[in-house]
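Survey of secondary and tertiary structure
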Amino acid sequence: MRVLFVSWAWPTHFYPMVPLAWALRAAGHEVRVATPPGLAAHVTAAGLPFVPVGRDLDAVARIREYIPGRAAGTPGRGPRAVSLFADLAGAMADDLVAFARAWRPDLVVHEPTAYAGPLAAAACGARAVRMPWGADLMHRQATLDAEARELAPLFARFGLEGPDTLGALTVDLCPPAMQVPEESRPGPLHRLPMRYVPYNGAGRVPVPLPPAERRRPRVCVTWGTTVGRLDGSMFLAGEVVTALDALDVGIVVAVDGAQRRLLGDLPERAKVIESVPLHCVLPHCDLVVAHGGAGTILTGLAQGLPQLVVPQLIDHAFNAQRFTATGAGLSLGRDEAHPEGLRAAVLELLEQPAYRKAAEEIRAENDRRPTPARVAAQLARFAGSAEPLHPAASADSADSAASAGPAESVASALSVEGGRPC
């Protein structure tokens, strides 16, 4: 089987796809990753074959317009952002369609804002598989309506009707408690659940941190990779560290090299770790304080850690609201994130065991979901079946699904361990 992964040049949208791409490669399938040139280093660092398509656009300047208070109009990942994502698809389209028609993939796996993915799938006759990087924020009726308007000319340029941005299947790595509520969705999707396996980029891991001392817990402060690119004044990690210096806690600051200058002067005892993947740092910590990005929250939950979230972007605010509803953490608004508020929230999270217990329950739930290797096998059966998608009549066991023949492939793929329309 040939599988083409598609993303535009935004690392945090690409990273969650890496474990599935690895699993497909390990199972003997051919994999290619097609993105604009700006993502080349991230794809090749993950050890995956890279196909450059199109040209890079200045997405950062456009995304700055969606920061609350910066511009009038509908913010975030709603209709106004669809215009940006459509422009990104247009910049990728010619090269990507040409490659897809020549290479003939069986599946095209794309993140939901990479509209060039379903375009390429339609152009070459492959099945399109969506893979959100967290909660499925693009699955909203207003977004679907905007996609139909914005993308119709692009699809028509290649002689295609559409667009169909939902595809045949959605691989869902988001814990159910963090997902968009069912009542907010425009209709059912065929979802295939997958365990969230953290991949936060490549990097050198230094001499491991010792386990956090029981006498003094260790707090990891990190601010993702997006906020600092958009507006340095929103990068609050340095302020947080300074506030927490008054507490009897160990402090680890996880940043990439480009963010180091944004931290400012820090207390001497704060340990700064540069460009080390977050999933390699958190096993040695007791608490995360961060900005509310999906990758950071899910990586913390995969480790069973409570978190304090200070969201500033629209999608981060949604993540924070869903996350705190699980009982695994707290959220502070920007005006609440003063030194006293930060210290009080951190102490509550460390002293009240209910938060850690809720986080560990989500970790256990994530661990019970199908692994990327299992999902890779399900996708192989799905790609080999000509049957239309339909709800599974019953929940078959994993073992019986694993031995199903091609005629049973779609039903099995959608019924194993909770895969069903929802």
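What comes next is a walk through the structure.

**A word on the pattern of salt bridges**
Considering all chains together, one arrives at twelve salt bridges under this definition. Of the charged contacts in the structure, one is a salt bridge between Asp172 and Arg191, with a shortest N-O distance of 3.7 Å. Placement of the pair is Asp172 in strand S6 (residues 169-172) and Arg191 in strand S7 (residues 190-193), with a sequence separation of 19 residues. Across the pair, Arg191 and Asp172 agree in class, each one buried.

**Remarks on the nonpolar core**
One finds Trp8, Val221, Trp223, Leu244, Val289 and Leu308 to be the most contacted residues of the largest nonpolar core, which totals 76 residues. Residue contributions to this core peak at 13 residues, all from helix H5 (residues 79-103). Here Val289 is in contact with Val219, Cys220, Val221, Thr222, Trp223, Val240, Leu244, Leu308 and Val346, once residues within four sequence places are set aside.

**Examining the environment of Pro37**
Position of Pro37 relative to the elements: it lies in the loop between strand S2 (30-35) and helix H3 (40-45). Judged by its relative accessible area of 37%, Pro37 is partly exposed. With 28 residues separating them along the chain, Pro37 and Ala9 place their C-alpha atoms 7.5 Å apart. Not counting the four nearest positions on each side in its chain, Pro37 is found in contact with Phe50, Val53, Gly54, Arg55 and Asp56.

**Here's the deal with the sheet that holds strand S12 (residues 307-309)**
On the basis of which strands lie adjacent, the open sheet formed by six strands has the order S10-S9-S8-S11-S12-S13 and parallel pairing. Of all the strands in the sheet, the pair left with one neighbour each is strand S10 (271-274) and strand S13 (329-331). Across the sheet, the axes of successive neighbouring strands diverge by a mean angle of 20 degrees, strand direction being ignored. Bridging between strand S9 (residues 250-255) and S10 involves four bridges; their strand directions are parallel. By the bridge assignment, Ala254 is partnered in S10 with Ile273. Each of strand S8 (218-222), strand S11 (287-290), S12 and S13 touches helix H13 (residues 339-351); the most contacted strand, S12, lies at about 155 degrees to it.

**Digging into the packing of aromatic side chains**
Tallied over the full model, the rule gives seven aromatic pairs. Plain terms: the ring middles of Trp8 and Trp10 are 5.3 Å apart, the flat faces sit at 35 degrees to each other, and that makes the pair tilted. Overall, the relative accessible area of 4% leaves Trp10 in the buried class. For the pair Phe99 and Trp103, a centre-to-centre distance of 5.6 Å together with 20 degrees between the ring planes defines the contact as stacked. Of the two residues, Phe99 and Trp103 are both situated in helix H5; the distance of four residues between them amounts to about one turn of the helix. The rings of Trp8, Trp10, Phe85 and Tyr115 are connected pair by pair, giving a single aromatic cluster. Positioned over the ring face of Phe318 is Arg140, at 5.8 Å from the centre of the ring. One Lys or Arg, Arg229, reaches over the ring of Trp10 and ends 4.1 Å from the middle of that ring.

**Describing helix H2 (residues 18-26)**
Taken together, the buried positions of H2 are Val18, Pro19, Leu20, Ala21, Ala23 and Leu24. Looking at the packing, one finds that the buried side of H2 touches strand S1 (2-6), helix H1 (11-14), S2 and helix H15 (372-383). Directly after H2, the chain includes Gly28, whose backbone phi takes a positive value near 95 degrees.

Parameters and conventions
- Counting starts from 1 at the beginning of each chain's written sequence and moves along it residue by residue.
- Owing to the predicted nature of the model, reporting of local features is limited to residues with pLDDT of at least 70; listing and counting of side-chain atom pairs is limited to 80 or more, with chain, interface and lining totals taken over all residues.
- As a convention, hydrogens and water are excluded, and side-chain values are obtained from all of the structure's heavy atoms.
- By salt bridge we mean one thing: a side-chain nitrogen of Lys or Arg within 4 Å of a carboxyl oxygen of Asp or Glu.
- A helix here means a DSSP run of H or I that spans at least four residues, while a strand means a run of E at least two residues long, and both kinds are numbered starting from the N terminus.
- Burial here depends on accessible area, computed with a 1.4 Å probe over protein chains only, as a share of the maximum for the residue type. Under 20% is buried, over 50% is exposed, and the range in between is partly exposed.
- Within this scheme, the nonpolar core is defined by two criteria: the residues are buried Ala, Val, Leu, Ile, Met, Phe, Trp, Tyr or Cys, and they are joined through side-chain atoms within 4.5 Å.
- By definition in these notes, contact holds between two residues if any of their heavy atoms fall within 4.5 Å.
- Here, any two strands with at least 2 DSSP bridges between them count as paired.
- Axis lines are fitted to C-alpha atoms, over the contacting stretch for helices. Their N-to-C directions set the angle, which ranges from 0 to 180 degrees.
- Only rings of Phe, Tyr and Trp enter the pairing, Trp through its six-membered ring, and a pair is recorded when the two centres are within 6.5 Å. The plane angle decides the type: under 30 degrees is stacked, over 60 is edge-to-face, the rest tilted.
- Placement of a charge over a ring requires the Lys NZ or Arg CZ to be within 6 Å of the ring centre, with the centre-to-atom vector within 35 degrees of the ring normal.

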